[in-house]
Amino acid sequence: MGLWLYLLALAAGLASAPYLPPSALWTGLTLLCAALFLLRRQSSFSLLPLLVFFWALGCSLYHFEITPPADAGHIRAFVGDKPLRIEGTIFSVARRSGGGAIIDLRAERVSGEQAVTAVHGAVRLYIDQSDSLPQAGRRIGFISRLRAPRSYGTPGEFDFPRHLAYQDIFVTAFLAKDRDLAVFAPGDIRKRSIENLRSVIGERIDKVVEPSMAPLVRALVIGDKSGLSPEHKQLLAEGGISHLFAISGLHIGLVAAMLFAISRFLYLRSERLALLAPPVRLLPLLLLPALLAYLLLTGNAISTRRAFVMLLAAAALLLGSRQTPPLKLLATCAFLFLLGEPLILFQPAFQLSFAGLFGILVLVPRWLAWVPSRPRPLRYLATLALTTLAASLATAPLVLLNFHLVAPAGLATNLFAVPAVAFAAVPIGLAGAVLAPLWGQGSDWLFQGCAATIHSILGAVEQLLRVPALGGHLNYATPATVMASFLLAAILLLPGGSKRRWQLRGLAGLTAALLLCAPLRPVPALAATALSVGQGDSTLLSFAGRHHYLIDGGGSYSDHFDTGERLVAPALGWLGVRSLDAVILTHDHPDHRKGLLYVLQHFAVGEFWSAIPLDQLDPQLRQVLSDKKIPLACPPPGWSRIDARDAGPLWLFVPDQQDSNLNNRSLVLLAGCGNDAVLLTGDLEEKGVRQLLAEPLPQPVNLLKYPHHGSRKSCPELLLNELAPQQVFISLGAGNSHGFPHPEVASALKMRKIATWQTDLHGSLQFTTAGRGWRATHWNQRLFR
């Protein structure tokens, strides 16, 4: 039990570190607790300093790993606004969904206007449009600005900088087309043989398998999931079988079992070997090189690496005729992984891999004890069903946390999908990979057979998903809901039936009930939350935490990033928004509209407000409104009050809709609470601002969203003089090409000593009031503070 406590303390330190500032305090606390333990290790209180030691160690390791290198020779030192020529060697290549490529390279030289500097460190290069992919091991050169990865600063968003830091990447670059990429002679062929073998097999699969099925075969055979379409990803996720197409412990275990069965048969044919040692002692160790080759061929995925390490430990124990409880072996491997790669804790593959195996090891033996002896086929089905259920229950909180998904169909689909993949698709595909360099025609037949097997599996999954109770659905949960789900899972997974264990279960259940029923913080009468969505606009108005109005949804001009899916929807879930009274489109520009499509598809929406008639709306937006049967409301020109039950006063202003400049057609909203009011001005420019100010406001405004991302075309002097706000916030992207906020705007705000907030500097912003003044907070270390 001690090992598990140390593991939990280390994991807790890593998990809490993102909420804490980097400080030498954590290192000092680590050393202090180590000293206390050594001084009082015979004491009954020695466990406490040891647990604090591992917690503080987790905090220290996290901040050490997440901090970019500071030496002048690292590529990170060249981040800036000036284009540079970068040369390096590719070590990883992947397709981008929807086209393009992602290339990871080890930088070697950087050339500026005059000097050429030798450098080290990795760079992730994004190519928007790419017709062909260069192979790993190739040297390449390109000209681009180097950027430091950064988060948007939005609740619930995926931590992209941490994800790259785990891969030791602290710099990114971008090219529009692959023609801007120079490809040189290959480097050391020994360093690229495995990657090139993967490329050769992948190209063979693409050549002989139907295009719609080729990415699935690639995922299963060589672990390359980059080509999976959004439709396939959704089908696999809703069907609960995504894990089957992500190379994991299941696959390496299957390969190990097949190799062991074949090797054991040959081993026992030799009388000398049979007398030397039982096959169970020697064969696991002898098979490790083959399993290592499979690990590298399939991309060295986290879950596969975990399984390989466990197999390595098991082989060593078997060779020495030692027995170790599986749970202790699992805890040891997890502990070593976290010490060696601290950021691996935040990788979904690591979380799901260990949680799933833990659930199986804890629950399946307990449940099988209740299953009476039955014929072997029935017992096999019962074991498979219970294994699926155990893994699903143990990983459910993590799936909710990482993927916002509930997939009940997985309990049924895995009953046939697991054996079909394990005993048909994987062996056929791997046989094709082995034959590819030796017998091309034979490998082609096998790859096509693998594709046919997968097609049959997906067809059966689609049929099951048509059953209403089994359809998967998204659930953007609040932190309290996620914490409650972890506590409920702990109740189930906690071993033992002693009185103390039942007391712990009762405490966990009570805490979960409080998290689900009681709010974690006071609910303000009115909250205006400006979401940081880059160079776009998205604001949420919430009245008493019950009525919510989303104004715009941001939107990227690139099709590779869905602002609604990646930023707005997770933020709404984090804020506890389950439904929206209305979604408002101020004007039809992509940086305001595109993010709304995903929200309208996946959230309950009462109405859609826009000054644009239905037949003039963007076709995609019009289609979503039709599919979801969301009514469109077009408010009249000028000011109009929206009467909503239990909501505070809300007014809409519609400017002249015949203006040729779409920005000047922006809807304006005013929300009030007592003596306070916020004015949201869309992208109004001079003509629109003058029209707005020509009519009296329904009430004085002391919080203003400055129009058009801080543009000087919005008449800053006139606007600020007329409204005289106490606080102003601006929604804009970091390092935007427009130079917003314009110096004239910044100067006007500074001269009037108006408190100014910017999403590019402060992340998402939240302003709350009970009618007696606005309280401003911003997203800082994963909380509004």
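Each remark here, short or long, concerns the structure printed above.
Keep in mind that this is a model prediction, so the values were computed, not measured. (Residues numbered from 1 in each chain as written. Predicted model: local features only at pLDDT ≥ 70, side-chain atom pairs only at ≥ 80, totals over all residues. Heavy atoms only, no water.)

### Observations regarding the side chain of S731
Turning to step 1, where the next piece is worked out: When you line up the elements, S731 lands in the loop between strand 21 (727-730) and helix 25 (743-751).
Turning to step 2, where the next piece is worked out: The exposure class of S731 is buried, given its relative accessible area of 2%.
Turning to step 3, where the next piece is worked out: Within the structure, the side chain of S731 is placed 2.7 Å from the backbone oxygen of G536, a separation counted as a polar contact.
Turning to step 4, where the next piece is worked out: Aside from chain neighbours lying at most four places away, what touches S731 is L531, G536, D537, H709 and T759. (Helix = DSSP H or I, 4+ residues; strand = E, 2+ residues; numbered from the N terminus. Buried < 20%, exposed > 50% of the residue type's maximum accessible area, 1.4 Å probe, protein only. Polar contact = N/O pair within 3.5 Å; in protein donor to acceptor, adjacent residues only side chain to side chain. Contact = heavy atoms within 4.5 Å.)

### What to know about the nonpolar core
Turning to step 1, where the next piece is worked out: Formed by 48 residues in total, the largest nonpolar core has its most connected members in V209, V217, I241 and I454.
Turning to step 2, where the next piece is worked out: Among the secondary structure elements, those contributing two or more residues to this core are helix 5 (189-208), helix 6 (214-222), helix 7 (230-238), helix 8 (249-267), helix 11 (288-297), helix 12 (302-319), helix 16 (410-435) and helix 17 (440-465).
Turning to step 3, where the next piece is worked out: When sequence neighbours within four positions are dropped, the list of residues in contact with I454 reads M213, L216, V217, L220, F245 and A425.
Turning to step 4, where the next piece is worked out: Among the nonpolar cores identified, the runner-up in size contains 44 residues, and L61, F170, L343 and L368 belong to it. (Core = buried A, V, L, I, M, F, W, Y, C linked by side-chain atoms within 4.5 Å.)

### Describing the pairing of strand 21
Sheet faces and side chains relate simply in a regular strand, where the side chains alternate between the two faces.
Turning to step 1, where the next piece is worked out: Residue alternation in strand 21 divides its side chains into two sets, Q727 and F729 and V728 and I730, and both sets are buried.
Turning to step 2, where the next piece is worked out: Alignment of strand 20 (residues 703-705) against strand 21, held across three bridges, turns out to be parallel. The residue bridging L704 from the neighbouring strand is V728, located in strand 21.
Turning to step 3, where the next piece is worked out: Considered for its hand, the β-α-β crossover made up of strand 20, helix 24 (residues 716-723) and strand 21 is right-handed.
Turning to step 4, where the next piece is worked out: In terms of strand pairing, strand 21 meets strand 22 (residues 755-758) through four bridges, oriented parallel. What sits directly across from Q727, in strand 22, is A755.
Turning to step 5, where the next piece is worked out: Handedness of the crossover is the feature at issue here: the chain leaves strand 21, passes through helix 25, returns alongside strand 22, and the resulting connection is right-handed. (Pairing = 2+ DSSP bridges. Right-handed = clockwise from strand over helix to strand, strands pointing away.)

### Points about the packing of helix 20 (residues 563-574) against helix 21 (residues 590-602)
Turning to step 1, where the next piece is worked out: For the pair helix 20 and helix 21, the least separation of the axes is 8 Å and the interaxial angle reads 60°. If you check the angle between helix 20 and helix 21, you find them oblique. Our pair here, helix 20 against helix 21, has a crossing hand that is right-handed. Two secondary-structure elements touch here, helix 20 through T563, G564, E565, V568, A569 and L572 and helix 21 through G595, Y598 and V599.
Turning to step 2, where the next piece is worked out: Residue classes in the contact of helix 20 with helix 21 are distributed as five nonpolar, three polar and one charged. (Axes fitted to C-alpha atoms, helices over the stretch in contact; angles between N-to-C directions. Parallel < 35°, antiparallel > 145°, perpendicular 65-115°, else oblique. Left-handed = near helix turned anticlockwise from the far one by under 90°. Nonpolar A, V, L, I, M, F, W, Y, C, P; charged D, E, K, R; others polar.)

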